[in-house]
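# Descriptive analysis of the structure
Take a look at the letters that make up each chain.
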Amino acid sequence: QVHLVESGGGLVQAGGSLRLSCAASGRTFSAYIMGWFRQAPGKEREFVARITRSGGIITYYADSVKGRFTISRDNAENTVYLQMNSLKPEDTAVYYCAAGRLEYEYWGQGTQVTVSS
């Protein structure tokens, strides 16, 4: 079982930056693929970024955030991060952290990100 807790959300002006954190419980954090998703009001949840397990780490991004967002992980701290730069009003959403081995099995409660124009 893995428990995920997101933090770092808030209100920021367009063009600003935020760094989200996702702290995971459990001793097998390094074995999980970690992802960030977001859900805007009235829209379906969408993929934002993914980072593979330790060893030859590979990252993937949605086209809408590529070049602006960076996902990283610290296995010693059981934490995954999402650095968000050049934020746009359309990035406003609840951001969720997810973990899994083959598919996403565990989800956090989410953290609100609001970008004002």
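A few points on the structure. Everything numeric in this text was worked out from a predicted model, so none of it was measured.

### Describing the sheet that holds strand β7 (residues 69–74)
One open sheet accounts for 4 strands, arranged β1-β3-β8-β7; its pairing is antiparallel. Two strands lie at the open edges of the sheet, namely β1 (4–7) and β7, each paired on one side alone. Here the average twist between neighbouring strands, direction ignored, is 15°. Where β7 lies against strand β8 (residues 79–84), 6 bridges are found, and the strand directions are antiparallel. Looking at β8, one finds that Thr70 is bridged to Gln83.

### Examining the side chain of Glu6
Within the element layout of this structure, Glu6 appears in strand β1. We note that Glu6 is buried and unpaired, the nearest opposite charge coming from Arg45 at a distance of 7.9 Å. Here the side chain of Glu6 touches Cys97 through a polar contact of 2.8 Å, landing on its backbone nitrogen. Residues in contact with Glu6, not counting those within four places in the same chain, are Ser21, Cys22, Trp36, Tyr95, Tyr96, Cys97, Gly108, Gln109, Gly110 and Thr111.

### A closer look at the pairing of strand β4 (residues 33–39)
With respect to burial, β4 is a largely interior element, 6 of its 7 residues being buried. Where β4 meets strand β9 (residues 93–100), 7 bridges bridge the pair, whose relative direction is antiparallel. Bridged to Met34 within β9 is Ala99. Sheet analysis places β4 next to strand β5 (residues 46–51), joined by 5 bridges and oriented antiparallel.

### Overview of the state of the cysteines
In this structure the tally under the stated criterion is 1 disulfide. Here Cys22 pairs with Cys97 through a disulfide, and the sulfurs are 2.1 Å apart. Classification of the bridge connecting Cys22 and Cys97 rests on its S-S torsion, roughly -80°, and on that basis the disulfide is left-handed. With Cys22 in strand β3 (residues 18–24) and Cys97 in strand β9, this pair connects stretches of sequence that are 75 residues apart. The same class applies to Cys22 and to Cys97, which are both buried.

### A few points about the environment of Tyr106
Examined against the element boundaries, Tyr106 turns out to sit in strand β10 (residues 104–107). On the basis of relative accessibility, which here comes to 15%, the residue Tyr106 falls in the buried class. Taking the C-alpha atoms as reference points, Tyr106 and Met34, separated by 72 residues in sequence, lie 9.7 Å from one another.

Quick notes on the rules
Throughout, a residue's number is its position along its own chain's written sequence, starting from 1. Given that this is a predicted model, residues contribute local features only at a pLDDT of at least 70 and side-chain atom pairs are listed and counted only at 80 or more, while totals for whole chains, interfaces and linings are drawn from all residues. Only hydrogens and water are set aside; all other atoms, that is, all heavy atoms of the structure, feed into the side-chain values. Any two strands with at least two DSSP-identified bridges between them are counted as paired. The numbering of helices and of strands both runs from the N terminus, where a helix is a DSSP run of H or I of at least 4 residues and a strand a run of E of at least 2. In this analysis an axis means a line fitted to C-alpha atoms, helices contributing only their contacting stretch, and an angle means the value between N-to-C directions, from 0 to 180 degrees. Exposure is judged per residue with a 1.4 Å probe applied to protein chains only, and the accessible area is read against the type maximum: over 50% gives exposed, under 20% gives buried, and values in between give partly exposed. All tallies of charge rest on Lys and Arg as positive and Asp and Glu as negative; His and the ends of each chain are not included. A side-chain nitrogen of Lys or Arg and a carboxyl oxygen of Asp or Glu constitute a salt bridge if their distance falls within 4 Å. Contacts described as polar in this section are N or O atom pairs within 3.5 Å, which, within protein, must combine one atom able to donate a hydrogen with one able to accept it, while residues neighboring in sequence count only if both atoms come from side chains. Residues count as neighbours in contact if any of their non-hydrogen atoms are within 4.5 Å of one another. Any pair of cysteine sulfurs within 2.5 Å is marked as a disulfide.

Distances and angles like these do not, on their own, reveal function.
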